[in-house]
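Next come the chains, spelled out residue by residue.
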Amino acid sequence: MSAAYIYDALRSPRGRAKSTGALHSVTPQELLRQLYAALCTRTALRPEQVGDVILGCATQHAEQAGNIARHSTLYAGWPTSIPGMTINRFCSSGIDAVALAALKVEAGQAETVIAGGVEMMSRVPMLSDEARVFKDPAFAAQCQMLMMGNGADLIASLHGVTREQADAVALASQQRAANAQVEGYFRSVIPIDISDGGQCKADECVRGATTAEQLASMEPAFAKIGAAGVDTFQLQHHPEVEKITHIHTAGNSPAMADGAALVLVANGDYGTTSGCAPRARIVASNTVAADPTQVLSGCVEATQALMKNQGLEASDVDLFEIHEAFAAVSILAMQRLNITDEKLNVNGGVIALGHPMGATGAVMLGTLLDELERRGLQRGIVAAAGAAGTGSALLIERA
């Protein structure tokens, strides 16, 4: 089997998921078109060399429906011979897209695959596809499909995570992200032309001036839906918990965002013929399904399983990018995986930077690779939670 390498990883800035957001005027197709062009410029890739395109997208509705991985390349004027596949594992979709690309390359099915994701949440809002599992409470309970925030509050209740600890994670995320912006650490960001003739050049969601006092003043965001029956449902599945402690607020939860990311995955022959050196090798990937009532714990369990399969301890991994899917998940990751704070989400996470759901995993991969290179380090893991307890993780080593 061939090895799968990452030749480049790039992304748009993340805009606020509002009608006033910096990227709101850009369609998802146009956003991808600009990233496709940038990828070709940065790697000397010719479109006719692309064997497949695999993109994550969580809300495949309206502008994002109709297999956007396929029709976005046609919109960009690329050859009609390029296949495309759009996948949905919610927030881990971008990681899963890269993992599938690696499998295709390793199996010899394609020499080069573009993977990544897109989510324009200001134009195609979360839940606008009106899935029954999120609209019909009785049906949702039968399918064990709960909202992410309630899962995060259950994780906090199970593991004794306090509001103060959750707010501290959020504050650190904001401070680290703001510092990384000032220092220019996000080298994977590509400026995006917008309709008024200007450009969006930087992540818009970061609130570097956030204070601990501001975070402490915010009301719990998921207590009301918990009282409507979700708490009772979770407690039935976890009798060891006396009550659900609602600690997550708008301040220590992911910020909804617009954005897209692309990763060029190819075999070693591509590097030889193109003259483009690979930046990293994809060593292994893993996907798990954990407790659906916790919703978000899968990213931690996927990382744990991946490390066990590879015979690794936390000390063997230089940096971790683990989906900051609510603050309690980051604390659970540190507790269960023995990860030090100095190795986890060192330039902030989606609480500060924003969470364009289908793209986030690929965005995080680019952030991880940039930071490994900046620090001269070798090995990193990126992981994200999906929904209903699923999670995916990817291990890379610099080439």
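Above this note sits the structure.
Reading the values: rules and limits
- Residues numbered from 1 in each chain as written.
- Predicted model: local features only at pLDDT ≥ 70, side-chain atom pairs only at ≥ 80, totals over all residues.
- Heavy atoms only, no water.
- Helix = DSSP H or I, 4+ residues; strand = E, 2+ residues; numbered from the N terminus.
- Buried < 20%, exposed > 50% of the residue type's maximum accessible area, 1.4 Å probe, protein only.
- Phe/Tyr/Trp six-rings, centres within 6.5 Å; stacked < 30°, edge-to-face > 60°.
- Lys NZ or Arg CZ within 6 Å of the ring centre and 35° of its normal.
- Expected span 1.5 Å × (residues − 1).
- Polar contact = N/O pair within 3.5 Å; in protein donor to acceptor, adjacent residues only side chain to side chain.
- Contact = heavy atoms within 4.5 Å.
- Pairing = 2+ DSSP bridges.
- Patch = residues over 30% accessible without salt bridge, like charges linked within 9 Å, V, L, I, M, F, W, Y side chains within 5 Å.
- Areas by Shrake-Rupley, 256 points an atom, 1.4 Å probe, with all protein chains shown as cover.
- Salt bridge = Lys/Arg side-chain N within 4 Å of Asp/Glu carboxyl O.

1. Details of unusual backbone geometry
The phi angle at Glu 130 is positive, at roughly 55 degrees, despite the residue not being glycine. Note that Glu 130 resides in the loop between β5 (112–120) and α4 (132–135). Glu 130 gets classed as exposed once you look at its relative accessible area, which sits at 52%. The phi dihedral of Ala 388 falls on the positive side, at around 55 degrees, and the residue is not glycine. Take Ala 388: it is sitting in the loop between β11 (379–385) and β12 (390–398).

2. Considerations on the packing of aromatic side chains
Taken as a whole and assessed by the stated rule, the structure comprises four aromatic pairs. With 4.8 Å between their ring centres and 40 degrees between their planes, Tyr 36 and Trp 78 make a pair best called tilted. With Tyr 36 in helix α1 (residues 28–43) and Trp 78 in the loop between α2 (68–75) and β4 (85–87), this residue pair connects regions lying 42 residues apart in the sequence. The buried category is assigned to Tyr 36, whose relative accessible area is 0%. Classification of Trp 78 as buried rests on a relative accessible area of 10%. Of note, Arg 132 hangs over the ring of Phe 139, and the distance from its end group to the ring centre comes to 3.9 Å.

3. Remarks on helix α6 (residues 148–159)
Compared with an ideal rise of 1.5 Å per residue, which puts twelve residues at 16 Å, α6 spans 17 Å between its outermost C-alpha atoms and is within 8% of the ideal. Among the twelve residues of α6, ten are classified as buried, and the element is accordingly described as predominantly covered. Those residues of α6 that fall on the buried side of the exposure criterion are Met 148, Gly 149, Asn 150, Gly 151, Ala 152, Asp 153, Leu 154, Ile 155, Ala 156 and Ser 157. Gly 160, located one to two residues past α6, shows a positive phi value of around 65 degrees.

4. Looking at the side chain of Gln 34
Mapped onto the fold, Gln 34 is located in helix α1. A distance of 3.0 Å separates the side chain of Gln 34 from the side chain of Glu 30, its partner in a polar contact. Contact partners of Gln 34, with chain neighbours within four places excluded, come to Pro 191, Ile 192 and Asp 193.

5. Some remarks on the pairing of strand β8 (residues 257–266)
Regular strands place their side chains on alternate faces of the sheet. Along β8, ten of the ten residues are buried, which leaves the element largely enclosed by surrounding structure. Burial along β8 is two-sided: the face carrying Ala 257, Gly 259, Ala 261, Val 263 and Val 265 and the face carrying Asp 258, Ala 260, Leu 262, Leu 264 and Ala 266 are both buried. Bridging between strand β1 (residues 5–11) and β8 involves six bridges; their strand directions are antiparallel. Of the residues in β8, the one forming a bridge with Tyr 5 is Ala 266. Across nine bridges, the pairing between β5 and β8 is antiparallel. In the strand pairing of β8, Gly 116 is matched with Leu 262.

6. Some thoughts on a nonpolar patch on the surface
Taken together, Met 85, Leu 100 and Leu 103 make up a surface patch of nonpolar side chains, about 240 Å² in accessible area. By the element assignment, Leu 100 lies in helix α3 (residues 93–106).

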